[in-house]
Amino acid sequence: MLIKALICSFIPSLLVRAMGENDMYYDTFSNDFAFGAATSAYQIEGGWREDGKGENIWDRFTHQNSTLIQDASNGDIAADSYHKYKNDIQILKELGVETYRFSLSWSRILPNGDISLVNSKGIEYYNKLINELISNGIEPMVTLYHWDLPQQFQDLGGWTNEVISDYFADYARVAFSAFGDRVKWWLTLNEPWIQSVLGYGVGQFAPGLKSIGIADYLAGHTMLKAHTLAYELYKREFQQEHEGKVGIALDASWLAPKSNSSADKEASEQAMQFKLGWFAHPIFSKEGDYPPIMKTMIAAKSKNEGYARSRLPTFTPEWISRIKGSSDFFGLNHYTTFLVNPGKSNSPLFKDSEFQLTQDDSWPSTAADWLKVVPWGFRHLLKWIKEAYDSPLVIVTENGVADNRGINDLQRADYHKRYINEMLKAIRLDGCNVRGYMAWSLIDNFEWSDGYMIKFGLYSVDFDDPERPRVAKESSKVYKEIIKNRGFLAPQHLE
Ligand code: GBH
């Protein structure tokens, strides 16, 4: 018996050995798999006050707090995609992608944020962009909100004020009715976790509020409602005619147990709930609502601290059921992996949890201190999502790496190749339902508090040249080849 048990537990690990965690897996993606590249409005467009655009929180934040941006820069001109969108589409075509993910600038369309003033020039810009994409055979995937809240709403408390969820729904209706005949893939919000914690918790991002454990939870609460209102309204008013899909883009690192001990495994599970679960559990789990562990831990801490109620707001049963299931697909932004063990939190970003995050010294580092190259973590994360949320349809809405090396970006080429390969393993070997991959980013752009110091583009942009020329990097050629082959050909098939 014992021997049999030993053999049985040994064989799978032998098989795993036979294909080591870093080995390439040779196979292809199905025909309905969509390859693409992603950007966001504030990071590329520029034209910050052109043709009637209103001010948003990133305009205000960078203009007022330039010391919070590494190189004291801003997105006033950025990659100038407001004027150079045709060049962007040319390089998308050169790459051979099926899909382009970009975001709409809310205050370009509605200068004050509310629908009392609609800027026809803003609508016109996105119409030109969308039409040009379609006539080049590229499918648009549109994010409604990538962190650039109209400033007028910030003056009312921004996302901490629940009324903003209604204004977001009004804006969503304007976008759905203007572009919904041609746009079939919608994302409501990009990375509500980052918007909440970095924008309202630690103040590293706009609007720069420092209220960790209070304002971040309020902001997240409003964003979950805003997302759901936009989803419901699409279903009610647009689904029948336009037959599109509406999802949300959530950011997650793989938060792996540091060792095989059950304490580390539990800590990893807790970390996944505080990070991905905060927004994924209410929308994608069977039960809905915030993860039980978040509710219990935050309630207990709040009580100890003398608060009258939990700092994490509560949803009514009605809202729990409305939010639950309010997504046609799971947009996933993934970059890196951390190791988790139990203990007093060692990150200013996690106030209420009890785990520590580290990264292994052997993992290759990059130009971003938080971003280590750990391809196998991607496969684990996809499997975790499959198991936690019952095999949702996943579109990888961002994946990429930072450098400052110019066009000879061999690290990026290798990064995309290995991460895409791990995703392929997740699909073929683990049965994960992943149907798209958007590389972050199409072009170098304004990297938030890092300004233009680090780059994520497959194409470089020279920010010192008023023409902002786009030049292909090595990584774009490698990505193009993967797309052309629809995956990875075994070495003997390569010339
Ligand atoms: C994505 O966020 C964004 O959607 C995209 O706009 C951005 O360009 C891209 O990543 C690259 O950063 O204080 O430790 O959190 C991914 C989440 C948010 C991770 C900012 C790094 C800064 C360091 N990123 N964060 S930390």
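Residues numbered from 1 in each chain as written. Predicted model: local features only at pLDDT ≥ 70, side-chain atom pairs only at ≥ 80, totals over all residues. Heavy atoms only, no water.

## Focus on the packing of helix 6 (residues 120–135) against helix 8 (residues 163–179)
Helix-helix packing is characterised by the crossing angle of the two axes and by the distance between the axes. Two numbers describe how helix 6 lies on helix 8: the axes approach to 11 Å, and their chain directions differ by 45°. Looking at the two axes, helix 6 sits oblique to helix 8. The handedness of the crossing between helix 6 and helix 8 is right-handed. Residues Ile-123, Tyr-126, Asn-127 and Ile-130 of helix 6 form the contact with helix 8, whose own contacting residues are Val-174, Ala-178 and Phe-179. (Axes fitted to C-alpha atoms, helices over the stretch in contact; angles between N-to-C directions. Helix = DSSP H or I, 4+ residues; strand = E, 2+ residues; numbered from the N terminus. Parallel < 35°, antiparallel > 145°, perpendicular 65-115°, else oblique. Left-handed = near helix turned anticlockwise from the far one by under 90°. Contact = heavy atoms within 4.5 Å.)

## What to know about the sheet that holds strand 7 (residues 329–333)
Around the barrel, eight strands lie side by side as 1-2-3-4-5-7-10-11; this closed barrel has parallel pairing. For this sheet, the mean angle separating the axes of adjacent strands, direction not counted, is 25°. Here strand 2 (residues 99–103) runs beside strand 3 (residues 139–145); their pairing, made up of five bridges, is parallel. When the bridges of strand 3 are listed, Tyr-100 appears paired with Pro-140. Packed onto the sheet, helix 12 (residues 262–284) meets strand 5 (245–251) and strand 7 and runs at close to 160° relative to strand 5. (Pairing = 2+ DSSP bridges.)

## Focus on the pairing of strand 4 (residues 185–190)
For a regular strand, the rule is simple: side chains alternate between the two faces of the sheet. With six of six residues buried, strand 4 lies mostly within the body of the structure. Relative to strand 5, strand 4 runs parallel, the two sharing four bridges. Looking at the pairing, Asn-190 lines up with Ala-249 of strand 5. (Buried < 20%, exposed > 50% of the residue type's maximum accessible area, 1.4 Å probe, protein only.)

## Quick look at a nonpolar patch on the surface
Together, Ile-214, Leu-218 and Tyr-307 line one region of the surface with nonpolar side chains, adding up to about 240 Å² of accessible area. Position of Tyr-307 relative to the elements: it lies in the loop between helix 13 (292–304) and helix 14 (317–323). Overall, Tyr-307 belongs to the partly exposed group, its relative accessible area being 39%. (Patch = residues over 30% accessible without salt bridge, like charges linked within 9 Å, V, L, I, M, F, W, Y side chains within 5 Å. Areas by Shrake-Rupley, 256 points an atom, 1.4 Å probe, with all protein chains shown as cover. Salt bridge = Lys/Arg side-chain N within 4 Å of Asp/Glu carboxyl O.)

## Some thoughts on the environment of Ser-302
Inspection of the secondary structure puts Ser-302 in helix 13. Here the alpha-carbon distance between Ser-302 and Ile-138, two residues 164 residues apart in the chain, equals 49 Å. Beyond its immediate sequence surroundings of up to four residues, Ser-302 is in contact with Tyr-307, Arg-309, Ser-310 and Arg-311. A distance of 3.0 Å separates the side chain of Ser-302 from the backbone nitrogen of Arg-311, its partner in a polar contact. (Polar contact = N/O pair within 3.5 Å; in protein donor to acceptor, adjacent residues only side chain to side chain.)

## Focus on the nonpolar core
Formed by 160 residues in total, the largest nonpolar core has its most connected members in Trp-58, Leu-104, Trp-159, Trp-186 and Met-423. Among the elements that line this core, the one with the most residues is helix 10 (residues 215–237), at 11 residues. Dropping the residues within four chain positions of it, Trp-186 is found in contact with Leu-104, Val-142, Leu-144, Ala-175, Phe-176, Phe-179, Gly-180, Tyr-234, Lys-245, Val-246, Gly-247 and Phe-329. (Core = buried A, V, L, I, M, F, W, Y, C linked by side-chain atoms within 4.5 Å.)

## A short note on the pattern of salt bridges
A full pass over the atoms with the stated rule returns 28 salt bridges. A salt bridge links Arg-428 to Asp-27; its shortest N-O distance comes to 3.5 Å. Taken together, the residues Arg-428 in helix 16 (residues 410–428) and Asp-27 in the loop between helix 1 (2–18) and strand 1 (34–38) connect sequence positions 401 residues apart. Owing to a relative accessible area of 39%, Arg-428 belongs among the partly exposed residues under this scheme. Taken together, the shared-partner salt bridges connect Arg-173, Arg-236 and Glu-237 into one network.

## Notes on the site of the ligand
For the ligand, the set of nearby residues contains 18 residues, the closest of which are Gln-43, His-146, Glu-191, Glu-398 and Glu-447. The contact in question runs from an oxygen atom of the ligand to an N or O atom on the side chain of Tyr-335, over 3.3 Å. Here an oxygen atom of the ligand sits 2.9 Å away from a polar atom, N or O, in the side chain of Trp-448. Protein coverage of the free-state accessible area of the ligand, which is 560 Å², stands at 86%. (Near = heavy atom within 4 Å.)

## Re the sheet that holds strand 6 (residues 254–257)
Strand order in the open sheet made by the three strands is 6-8-9, with mixed pairing throughout. The open sheet terminates on both sides in strands that have one partner only, identified here as strand 6 and strand 9 (355–358). On average, adjacent strands in this sheet sit at an angle of 40° to one another, irrespective of strand direction. Bridging between strand 6 and strand 8 (residues 337–342) involves four bridges; their strand directions are parallel. Each residue of the ladder has a partner; that of Leu-255, found in strand 8, is Phe-338.

## Digging into the confidence of the model for the chain
Counting all residues, the mean pLDDT for the chain is 96, and 96% of those residues have values of 70 or more. Below pLDDT 50 for its whole length, residues 1–17 participates in zero contacts with residues either more than four positions away or in separate chains. (pLDDT = per-residue confidence, 0-100.)

## Points about the packing of aromatic side chains
For the structure on display, the rule yields 51 aromatic pairs. Pairing Phe-29 with Phe-35 gives two aromatic rings, centres 5.2 Å apart and planes at 85°, and the pair type is edge-to-face. Judged by relative accessible area, Phe-29 falls into the buried class, the value being 5%. Judged by relative accessible area, which is 0%, Phe-35 ranks as buried. (Phe/Tyr/Trp six-rings, centres within 6.5 Å; stacked < 30°, edge-to-face > 60°.)

## Some details on the side chain of Lys-372
Note on placement: Lys-372 falls in the loop between strand 9 and helix 15 (375–388). Despite being buried, Lys-372 has no salt bridge partner; Asp-369 is the closest side chain of opposite charge, sitting 6.9 Å away. A polar atom in the side chain of Lys-372 sits 3.0 Å from the backbone oxygen of Asp-369. Excluding residues that lie within four positions of it along the chain, Lys-372 makes contacts with Tyr-335, Thr-336, Gln-359, Trp-363, Pro-364, Ser-365 and Tyr-419. (Lys, Arg positive; Asp, Glu negative; His and termini not counted.)

## Some thoughts on the environment of Tyr-200
Counting through the fold element by element, Tyr-200 comes out in helix 9 (residues 192–201). On the accessibility criterion, Tyr-200 (0% relative accessible area) is buried. Taking the C-alpha atoms as reference, Tyr-200 lies 7.0 Å from Ile-212; in sequence the two are 12 residues apart. Separated by 2.9 Å, the side chains of Tyr-200 and Gln-154 make a polar contact.

## A closer look at helix 17 (residues 474–485)
For helix 17, with 12 residues, the first-to-last C-alpha span of 17 Å sits near the 16 Å given by 1.5 Å per residue. Where helix 17 is buried, its residues meet strand 1, helix 4 (81–95), helix 16, strand 11 (434–440), strand 12 (459–461) and strand 13 (470–472). Positive phi appears at Arg-486, one or two residues downstream of helix 17, with a value of about 55°. (Expected span 1.5 Å × (residues − 1).)

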